[in-house]
Structure formats: structure tokens, C-alpha cells
Amino acid sequence: MNKRDSELETARGVLHPGETAQVSTLARYEPGPQAAAYVEFYWHVRWDLRGRPPYETKVLAHPNVHLVFEEPEPLVYGVDRGLFVRRLEDSGQVLGIKFRPGAFRAFADGPVAGYADRRVPAGEVFGPAAASACRAVLAAPDGPAMARLAEGFLLPRLPERPDPAAVEVAAIVERITAEPSMFRVDQLADGLGLSVRRLQRLFAEYVGATPKWVLRRARLHEAAARADRGVGIDWAALAADLGYADQAHLTRDFTAVVGAPPGRYAGA
């Protein structure tokens, strides 16, 4: 993946990314070989709004759990099935670990579905060492150093080998992301040679969101990415490309989550 593709992939899901880039910076750092089976990447956001109004950044979240080193304490963010909104004010920074879909199950005390739409103190999952690690990460001189410290905290806590079911789930989510026109859960299950029930159980245990939600979110990510490229979009054609019955279905889906129809979002 080249630098430009990496930047686009990191920002995918961020609404109005051009506007957001005016108030904050987003950087991505790749995991080392020992952590790569569990970590998709590390992300670092920094902002300085001193003397300026607060800003709400909005994100169509992915089917990933994050461990975020931030003030006043580190938090585990489960899959946010709605629209994730964070208010930025004054100045600050956060460093996040984006776990691969399914990988967080290795640290959870139950199905990952139990973390959905929740922010859990990291100490409840990783113990009291999470707080001291957070202080060290936030005191580091730059993003790369922060990512190295975060990985140093994580490595001793990794299992000896990945859970085969987690690896299977990660591959399924990657397939959905690569084919956003895939529309139905039974279609996905048939293509994988799994029953719908088995697929649903896997996602509840390892992902924290249903297969239907992941399919829908992949389509909305693609619709938002197209809208962010500018005006002149053939929405009816895009709806067909993404597997919707018609443009009205795309509009309803997009509006329900984003809060505005896709045409108005693109114009804004």
C-alpha cells in the first residue's frame, strides 16, 4: 500500500474528511511482525483549537475494537453501530490501537458483542498497567514513538498463536469490505459455505456486530467515500452498484445514519 492509499484507508469512514483535516491531523503506523496478526494499525490524532470554536468530528465506525490512550484514562471502544461523534476542543492528542476484526476476543472475558456501543476503562480489560502505559504513550515525543510504546505494552499480553476462528472472521470482514455490493446475509453465508446461524454466532462472539450491520456499513463507507470526492455523482447508478433496489433505499439508509441525504452531504 503506497502512502496515498494508506492515508485514504486510514481516513475511510471519517465524514467530511477535508473539513476535519483543517482542525486535526491523522497519522497511521503499521504494527511490527509479532503484533500484525492482531493489530490492523496504530492511529494518532492531534488537534489544536486554542482560540477557535470546538469541532465535532464524525465517523462511520468500522467493525473493529480500539484501545485508545487518551486523557483522563485509556478506554476500550467497542464497535459503534451508530455514528461516532467526538468533540475536539482546546488542544490534545490520542493514540489508538485498531484491532483486526475478531482479534480483540483474545482479551475479552466474553463475546465481543458485549462491548458494542460501549466505552470501557482499559484497566478493566488489561489491568492497572494500562494507566501507566497511557501516561508513557502520551508523554512520548512523536507519533512513531507513541506507537512503539503502545505495541510494547501489547506484545506481552498477546496469546502464543491467533485463534483460528478470529482469523476466519477477519477474512470474512475483509471480503465484505472488498465487495460492498454484497447485500444479503444469506448470499454471504452461501458464498462461505456456512449456515446463516453459524455466521451470526461467529460475528456475535468475535466482531461485536451482526453480519447484516457489517454488510450495510461497508456500503455506507463506499457511498460516503464517493460523496466526498465531489458533486456530479449519479446516485441511482451508485445505488445499483452497491446492491440497493433503487436510489430511495440508498437515500434512506444513508440518511438514517449520517443525518443527511447523500446529495446534501456531498454538496456540504
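Before any of the text, the structure's been laid out above.
Residues numbered from 1 in each chain as written. Predicted model: local features only at pLDDT ≥ 70, side-chain atom pairs only at ≥ 80, totals over all residues. Heavy atoms only, no water.

> When you look at the overall build of the protein chain in this model, what are you seeing that I'm missing?
Broken down by element type, the protein chain carries 12 helices and 8 strands. Computed over the C-alpha atoms, the radius of gyration of the protein chain is 19 Å, within 12% of the 18 Å expected from 2.2 N^0.38 for a compact globule of 268 residues. Taking the contacts inside the protein chain whose residues are at least 6 apart along the sequence as the reference set, 71% of them involve residues at least 24 apart. Carbon and sulfur atoms form 51% of the exposed surface of the protein chain, whose accessible area is close to 13,100 Å². Each charge class in the protein chain was averaged separately, 33 positive and 33 negative side chains, and the resulting centres sit 2 Å apart. (Helix = DSSP H or I, 4+ residues; strand = E, 2+ residues; numbered from the N terminus. Rg over C-alpha atoms; globule rule 2.2 N^0.38 Å. Contact = heavy atoms within 4.5 Å. Areas by Shrake-Rupley, 256 points an atom, 1.4 Å probe, with all protein chains shown as cover. Lys, Arg positive; Asp, Glu negative; His and termini not counted. Charge placed at Lys NZ, Arg CZ, Asp CG, Glu CD.)

> Help me understand the packing of helix 4 (residues 129-139) against helix 5 (residues 143-154), please; the structure alone is not making it clear to me.
Helix-helix packing is characterised by the crossing angle of the two axes and by the distance between the axes. Following both chains from N to C, one finds helix 4 and helix 5 inclined at 165°, their axes separated by 9 Å at the closest point. Relative to helix 5, the element helix 4 is oriented roughly antiparallel. Considering how the two elements wind past one another, helix 4 and helix 5 form a crossing that is right-handed. Contacts between helix 4 and helix 5 involve Ala 129, Ala 130, Ala 133, Ala 136, Val 137 and Leu 138 from the first element and Met 146, Leu 149, Ala 150 and Phe 153 from the second. (Axes fitted to C-alpha atoms, helices over the stretch in contact; angles between N-to-C directions. Parallel < 35°, antiparallel > 145°, perpendicular 65-115°, else oblique. Left-handed = near helix turned anticlockwise from the far one by under 90°.)

> Explanation requested: empty space enclosed by the protein in the structure shown.
One water molecule sets the probe size; rolling that probe over the atoms shows where empty space is left. Using the criterion set out here, one finds 1 cavity of 30 Å³ or more in the structure. The wall of the largest cavity is formed by Pro 63, Asn 64, Val 65, Arg 100, Pro 101, Gly 102, Ala 103, Phe 104, Val 112, Tyr 206 and Val 207. Of the residues contributing to the lining of the largest cavity, the split by class is 8 nonpolar, 2 polar and 1 charged. (1 Å grid on protein atoms, 1.4 Å probe; cavity = no way out; pocket = protein on both sides within 12 Å on 5 of 7 lines; lining within 4 Å. Points joined across faces, edges and corners; volume = space filled by probe spheres on them. Nonpolar A, V, L, I, M, F, W, Y, C, P; charged D, E, K, R; others polar.)

> I keep staring at the side chain of Arg 28 and nothing clicks. Help me out?
Here Arg 28 lies in strand 1 (residues 24-29). Here Arg 28 falls in the buried class, since its relative accessible area comes to 19%. (Buried < 20%, exposed > 50% of the residue type's maximum accessible area, 1.4 Å probe, protein only.)

> When you look at helix 9 (residues 211-228) in this model, what are you seeing that I'm missing?
Residue pairs three or four apart in sequence face the same way in an α-helix, which turns once every 3.6 residues. Given a rise of 1.5 Å per residue, 18 residues ought to cover 26 Å, and the 26 Å separating the end C-alpha atoms of helix 9 matches this to within 8%. The buried fraction of helix 9 is high, at 14 of 18 residues. Gly 230 sits one or two residues past helix 9 and shows a positive phi near 135°. (Expected span 1.5 Å × (residues − 1).)

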